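Coordinate analysis (summary)
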Amino acid sequence: MTAIEVNGVQVYSGLLDLEAQRALLDEVRAVVRAAPLFRPVTARGKEMSVRMTSAGQRGWVSDRRGYRYEARHPGGMDWPPIPSRALDVWRGVSGVDRDPQCCLVNFYDEAARMGLHQDRDEADFAMPVVSISLGDDALFRVGGAERGGPTKSVWLRSGDVAVLAGPARLAYHGIDRVRPGSSALLTKGGRINLTLRVVD
Ligand code: SIN
Ligand code: FE2
């Protein structure tokens, strides 16, 4: 399995073939049925363009009180279990013995994007973040661990897996845009990104 490296982030292109993507998507649909997507609001009260939910013991939420992990969905239900095929990906590429506690599910419609940020709400930065892309292509921008440094971009396609580990664990990253209609995996289009994390 070979990866390309983008500012230290390892990107495994086409790690999941179409059959594996479809099977994982079925599991993600079950997650979304049990714990519906919601639109997070930043601490400053701005709605994010991405809709989210989570699976696992912890889910990532953002509202007027700020960003944090919670044991329950904002609707009060438990987060459903992490999709087994996402766990398989983590076990294959994470390089660590622990399993993730959170699988964050981000849904991007054609207008959604995600500004440059670090994933730093987790306790142990020795634990990687593993990201799985499904559906439409997305322009993924990666910088260094300091805000404002040079960045590099790569298109993430359905079935690609990116690993933020080691010096790149705290790399700034974001999604500039998605390319509508670039994948037929999701019947109504759009992109799903799963990120797996050890939280505490
Ligand atoms: C994220 O940073 O949480 C999502 C990255 C992505 O959508 O690829
Ligand atoms: Fe992130």
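In what follows, the accompanying structure is described. Nothing here was measured: the structure is a model prediction, and the numbers come from that model. (Residues numbered from 1 in each chain as written. Chains lettered and ligands numbered in written order. Predicted model: local features only at pLDDT ≥ 70, side-chain atom pairs only at ≥ 80, totals over all residues. Heavy atoms only, no water.)

Okay, the side chain of D119 next. Relative to the assigned elements, D119 resides in the loop between strand 7 (114-117) and strand 8 (129-135). A residue is classified by how much of its surface remains accessible, and D119, at 6% relative accessible area, is buried. Within polar-contact distance, the side chain of D119 engages the side chain of H117 at 3.1 Å. A polar contact is formed between the side chain of D119 and the side chain of H173, at a distance of 3.2 Å. Not counting residues within four places of it along the chain, the set of residues in contact with D119 comprises F125, V129, R169, L170, H173 and R197. (Helix = DSSP H or I, 4+ residues; strand = E, 2+ residues; numbered from the N terminus. Buried < 20%, exposed > 50% of the residue type's maximum accessible area, 1.4 Å probe, protein only. Polar contact = N/O pair within 3.5 Å; in protein donor to acceptor, adjacent residues only side chain to side chain. Contact = heavy atoms within 4.5 Å.)

Within helix 2 (residues 84-93), burial applies to A86, L87, V89, W90 and V93. Looking down the long axis of helix 2, one finds its buried residues gathered within 155° of arc, a one-sided arrangement. Counted as exposed and oriented over 90 degrees from the buried face of helix 2: R91 and G92. Along its buried surface, helix 2 packs onto strand 2 (9-12), helix 1 (18-34), strand 8, strand 11 (161-164) and strand 13 (191-197). Looking one or two residues past helix 2, G95 carries a phi angle of roughly 75°, positive in sign. (Arc of directions from axis to C-beta.)

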